[in-house]
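As a plain string of letters, each chain reads:
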Amino acid sequence: MLTDAATSANTTESANRSAMTSWLAVISVMMGIFSIVTTEILPIGLLTSIGSSFTISDGMAGLMMTMPGFLAALSAPLVTAATARIDRRLMLCAFVLLLAVANFLAAAASGYWLVLISRVMVGVTIGGFWSIGAGLASRLVPAESVGRATAVIFSAVPLGSVLGVPLGTFIGDATSWRMAFVVMGVLAVAVFLALLMVVPPLPPEQATRLSVLGGMIRSVSTRFALATTFLIVLAHFGAYTYINPFLEQVTGASPGLITVSLFIYGAAGIIGNFVAGSRAARCPRATFAVAAAMISTATLLLPVLGQSRAGAIALLVVWGMAYGAVPVCSQTWFAKAAPHAPEASSVMFTATFQATISFGALAGGVIVDRSSPSTVMTFGGVTAALMVLVAWRSHLIHGK
């Protein structure tokens, strides 16, 4: 009897400990994605100061945004397929460790070329970690908790996206742009240790082959998801990468006001993410179109109303709320287009999103070097308006 009672007590304690460890594993994966997304867009808020350090133009500095996206787009399908037989926990740890090295290299870079090498390393990390980590919820928690765990993991995308720029700008203003990368390197090391301690061994289950991705592209719904994601991410990052120069040159904002403005933008983005989250699950196309229309309106009006500080902040609030909805709408659309292949959907979402971030930053850099930050905002507005038309066309064909 005592033995049975002791066994029962140990089983209960083990179950409780297992549940706690499972959620710690989910949080550690979420923090990994948060550190990756934040590192990726960190240069946006530091663009001017980094450019000044190496005596390069804003457009050339924008390569820091271009490099990771292109590498992530390539590494997402290739790394996922190449490492299909390796324990997923080991791969997550390896990618986060690579992220830490990349951040420390950027902080210590004596030349701009070293910064770009660090951004290549960031790109490989993005493609590999996100494609693997996004679909792990079902392996970390019981079936009844998968929905909540998935939401926690995906919350890292808007949190990193909307907080990364103001966080980097704040640290850069308070100390230096190099210290911002040091902070991100330390965070990556902490995430590495957390993954090592709380994530269980995750032997591969279903290999994602490149042929599966090819099959997804033949779906009309997937092609619409590709087109809308390309247009809205091109619009957003083509313009937002150069928001710092715009606020300096057009609005005449001080460094302190820019930091405050970007924090306000970030807060609005978090609100937009939670507002759009439930609606995107029911009608991703319509929600996506509304978000794009808001981005188009904000960026088209910025060259006019953004000359005043109040006008610029108001439009950044609209823009932030709209972009907070973009990742969840895009990922939901891809997932609904291929419900039978969740990891392949994550790979497709990652590759499309990241490739377009690079293309958007590059296109914006060319425009800002040849014209002005105001022209970049107009480019973003027109492109976002095109996305609304494509999303509306898909809505007419497929419904919600």
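Residues numbered from 1 in each chain as written. Predicted model: local features only at pLDDT ≥ 70, side-chain atom pairs only at ≥ 80, totals over all residues. Heavy atoms only, no water.

A word on the overall build of the chain
The number of helices and strands found in the chain is 17 helices and zero strands. When the 400 residues of the chain are sorted by exposure, 55% land in the buried category. Considering only contacts within the chain whose residues lie at least 6 apart along the sequence, 87% involve residues at least 24 apart. (Helix = DSSP H or I, 4+ residues; strand = E, 2+ residues; numbered from the N terminus. Buried < 20%, exposed > 50% of the residue type's maximum accessible area, 1.4 Å probe, protein only. Contact = heavy atoms within 4.5 Å.)

Structural notes on the side chain of Asp 87
Among the structural elements, Asp 87 can be located in the loop between α3 (63-82) and α4 (88-108). The side chain of Asp 87 sits in the buried core without any salt bridge; Arg 89 is the nearest counter-charge, 4.6 Å away. A polar atom in the side chain of Asp 87 sits 2.8 Å from the backbone nitrogen of Arg 89. Separated by 2.9 Å, the side chain of Asp 87 and the backbone nitrogen of Leu 202 make a polar contact. With sequence-adjacent residues up to four places away left out, Asp 87 is seen in contact with Pro 201, Leu 202, Pro 203 and Pro 204. (Lys, Arg positive; Asp, Glu negative; His and termini not counted. Salt bridge = Lys/Arg side-chain N within 4 Å of Asp/Glu carboxyl O. Polar contact = N/O pair within 3.5 Å; in protein donor to acceptor, adjacent residues only side chain to side chain.)

Quick notes on unusual backbone geometry
The residue Thr 55 is not glycine, and still its phi comes out positive at about 55°. Position of Thr 55 relative to the elements: it lies in the loop between α1 (2-54) and α2 (58-61).

Quick word on the packing of aromatic side chains
Per the counting criterion, the structure on display carries 13 aromatic pairs. Between Phe 288 and Trp 333, the ring centres sit 6.1 Å apart and the planes meet at 70°, which makes this aromatic pair edge-to-face. Here Phe 288 is found in helix α14 (residues 284-305), whereas its partner Trp 333 is found in helix α15 (residues 309-337), with 45 residues between them in sequence. The class of Phe 288 is buried, set by a relative accessible area of 0%. Centroid distance Phe 349 to Phe 353: 5.3 Å. Interplanar angle 50°. Geometry classified as tilted. Within this pair, Phe 349 and its partner Phe 353 are both found in helix α16 (residues 342-370), separated by four residues, close to a single helical turn. For the pair formed by Phe 349 and Phe 353, the shared burial category is buried. (Phe/Tyr/Trp six-rings, centres within 6.5 Å; stacked < 30°, edge-to-face > 60°.)

So, a nonpolar patch on the surface
Taken together, the side chains of Phe 104, Val 186, Val 189, Leu 193, Leu 196 and Met 197 define a hydrophobic patch exposed on the protein surface, amounting to about 550 Å² of accessible area. No other element matches helix α9 (residues 177-198), which puts five residues into the nonpolar patch. Note that Leu 193 resides in helix α9. (Patch = residues over 30% accessible without salt bridge, like charges linked within 9 Å, V, L, I, M, F, W, Y side chains within 5 Å. Areas by Shrake-Rupley, 256 points an atom, 1.4 Å probe, with all protein chains shown as cover.)

Points about the packing of helix α12 (residues 243-251) against α15
α15 packs onto α12 with a crossing angle of 160° between their chain directions and a minimal axis gap of 11 Å. With respect to their mutual orientation, α12 and α15 come out roughly antiparallel. Of the two possible hands of crossing, α12 and α15 adopt the one that is right-handed. Contacts between α12 and α15 involve Ile 243, Leu 247 and Thr 251 from the former and Arg 309, Ala 312, Leu 316 and Trp 319 from the latter. Residues that form the contact of α12 with α15 fall into these classes: five nonpolar, one polar and one charged. (Axes fitted to C-alpha atoms, helices over the stretch in contact; angles between N-to-C directions. Parallel < 35°, antiparallel > 145°, perpendicular 65-115°, else oblique. Left-handed = near helix turned anticlockwise from the far one by under 90°. Nonpolar A, V, L, I, M, F, W, Y, C, P; charged D, E, K, R; others polar.)

Section: helix α5 (residues 112-133)
Note that an α-helix has 3.6 residues per turn; residues three or four places apart therefore point the same way. For α5, spanning 22 residues, the distance from its first C-alpha to its last is 31 Å, which sits close to the expected 32 Å at 1.5 Å a residue. For α5, a buried count of 18 out of 22 residues is recorded, marking the element as mostly surrounded by other parts of the structure. (Expected span 1.5 Å × (residues − 1).)

Re the packing of α4 against α9
Any two packed helices are characterised by the angle at which their axes cross and by the distance between the axes. Remark: α4 packs on α9, axes separated minimally by 8 Å, with the N-to-C direction vectors making an angle of 165°. With respect to each other, α4 and α9 are oriented roughly antiparallel. Of the two possible hands of crossing, α4 and α9 adopt the one that is left-handed. Taken together, the residues of the contact of α4 with α9 sort by class into 21 nonpolar, two polar and two charged.

Note that all results are geometric; they support no functional claim without further evidence.
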